[in-house]
Structures are given as C-alpha cells and as structure tokens.
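Residue-level structure breakdown
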Amino acid sequence: MIELPIFRTTSGQSIIKFQPQHLNRLDLKEPELSEVRADPALLDRIARTADPVASWTGMFHGKPVVCFGIRTVFPGVGEAWLIPGADIDRHAISVCRGSRKIYQHFIDEGVFRRIHVVVDPANDTAFRFAKWNGFDVEGIMRKFGADGSDHLLMARISEHGKS
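Residues numbered from 1 in each chain as written. Predicted model: local features only at pLDDT ≥ 70, side-chain atom pairs only at ≥ 80, totals over all residues. Heavy atoms only, no water.

Considering unusual backbone geometry
Of the consecutive residues Glu30 and Pro31, the connecting peptide bond is found in the cis state with omega at 5°. With respect to the helices and strands, Pro31 occurs in the loop between helix 1 (21-25) and helix 2 (32-38). Although it is not a glycine, His61 adopts a positive phi angle of roughly 50°. With respect to the helices and strands, the residue His61 is situated in the loop between strand 2 (55-60) and strand 3 (63-74). (Helix = DSSP H or I, 4+ residues; strand = E, 2+ residues; numbered from the N terminus.)

Details of the environment of Gly139
Summarising the element assignment, Gly139 is placed in strand 6 (residues 136-141). The class for Gly139 is partly exposed, based on a relative accessible area of 22%. With 63 residues separating them along the chain, Gly139 and Gly76 place their C-alpha atoms 20 Å apart. Ignoring any residue separated from it by four or fewer positions in sequence, one finds Gly139 in contact with His151, Leu152 and Leu153. (Buried < 20%, exposed > 50% of the residue type's maximum accessible area, 1.4 Å probe, protein only. Contact = heavy atoms within 4.5 Å.)

Concerning the nonpolar core
Residues Trp56, Phe68, Ile70, Tyr103, Ile115 and Phe135 are the most contacted members of the largest nonpolar core, which totals 25 residues. For this core, the elements supplying multiple residues, two or more each, are strand 3, helix 4 (92-108), strand 5 (112-119), helix 5 (124-132) and strand 7 (151-157). Per-element tally for this core: the top contributor is helix 4, with six residues. Setting aside chain neighbours within four positions, we find Tyr103 in contact with Phe68, Gly69, Ile70, Ala80, Ile115, Phe129, Asn133, Phe135 and Arg156. Core analysis: the second largest hydrophobic core is formed by 11 residues, Phe18, Cys67, Trp81 and Ile83 among them. (Core = buried A, V, L, I, M, F, W, Y, C linked by side-chain atoms within 4.5 Å.)

A word on the packing of aromatic side chains
Applying the stated criterion to the full structure yields seven aromatic pairs. Connected via pairs of aromatic rings, a cluster forms that spans Trp56, Phe68, Tyr103, Phe106, Phe112, Phe129 and Phe135. Lying over the aromatic face of Trp132, Arg100 brings its terminal NZ or CZ to 4.1 Å of the ring centre. (Phe/Tyr/Trp six-rings, centres within 6.5 Å; stacked < 30°, edge-to-face > 60°. Lys NZ or Arg CZ within 6 Å of the ring centre and 35° of its normal.)

Quick look at the structure:
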C-alpha cells in the first residue's frame, strides 16, 4: 500500500492521509460554495463515506488546499471525489503530480480496474484535475446535478488485468 505522506516539498507542500476535519478547514470557492449551499449535508456526507485507505488531503504549511479520494463502488471499481479549496490553483502542479502517482498506484496494483468521476463541465478546476489524472470523458449524465444540470462521466481504465 502507499506510504504517507506521498510527498513533502521544502516549500511546505505535502499530501497526507485525509481526516474528516480537513473538509471544515478548507476555504471553499465557487462553484463548491454554491454546491454546499444547495446541499448543506454535502461535506458531512463526504466525510462519512470517504474510504480511510483511499482518501488524502493536499496541504500547504499545515493548511488543507484540497481533499480527494476514491470510494469503492464494488470490487475493482472506484469512484473518485475532489473538494478543492480556494488556494488550489497556487498548488495545482504539486497536487496533480501527487494525485497522479496515487491513482496510478491503485490501477497498477490491481485495486481498481476502473475509477470514474462525475464532473460538472462548468467546474474547470475539477475537469482539468480529472484530465491531468488520466480520466477520459465517457458520456454525459443528463440532468444529474442538484440543480438539474448535465454532468460528465469520466473514467480511467486499467490497461491490464480483467477487462
């Protein structure tokens, strides 16, 4: 299994094991602020359902800048999630490099043959994060959002093992 922290830089950046209280320490920005207003239980639901073995927090000098992870849907299939903070753009390269290693590890080790994520196409940060991490658009989920908006289904598929 992956040893934490995944990485730590001399400039104070690290990826560590996710703790539910990290979500409450994130400074959210739009569109996440609107999502939380529309669904006040969203962060609590994420905290309750986050897999402790497959969830992480990107930190900068001890402050969370992003929380993300993979929930097991059923054996071999996972669903990725991401809650970025307001400062994510300042740390995007480090977070993306670390997260890419994590997703690759879970695919290479055969933990997941498929990891998918649902992305609001209006959320450029989430879309770019998914693309950077090797997720491809599979289709459109019509009227999926809390507000009835369409979302994208994106997936990263293992190139080896069971198909």
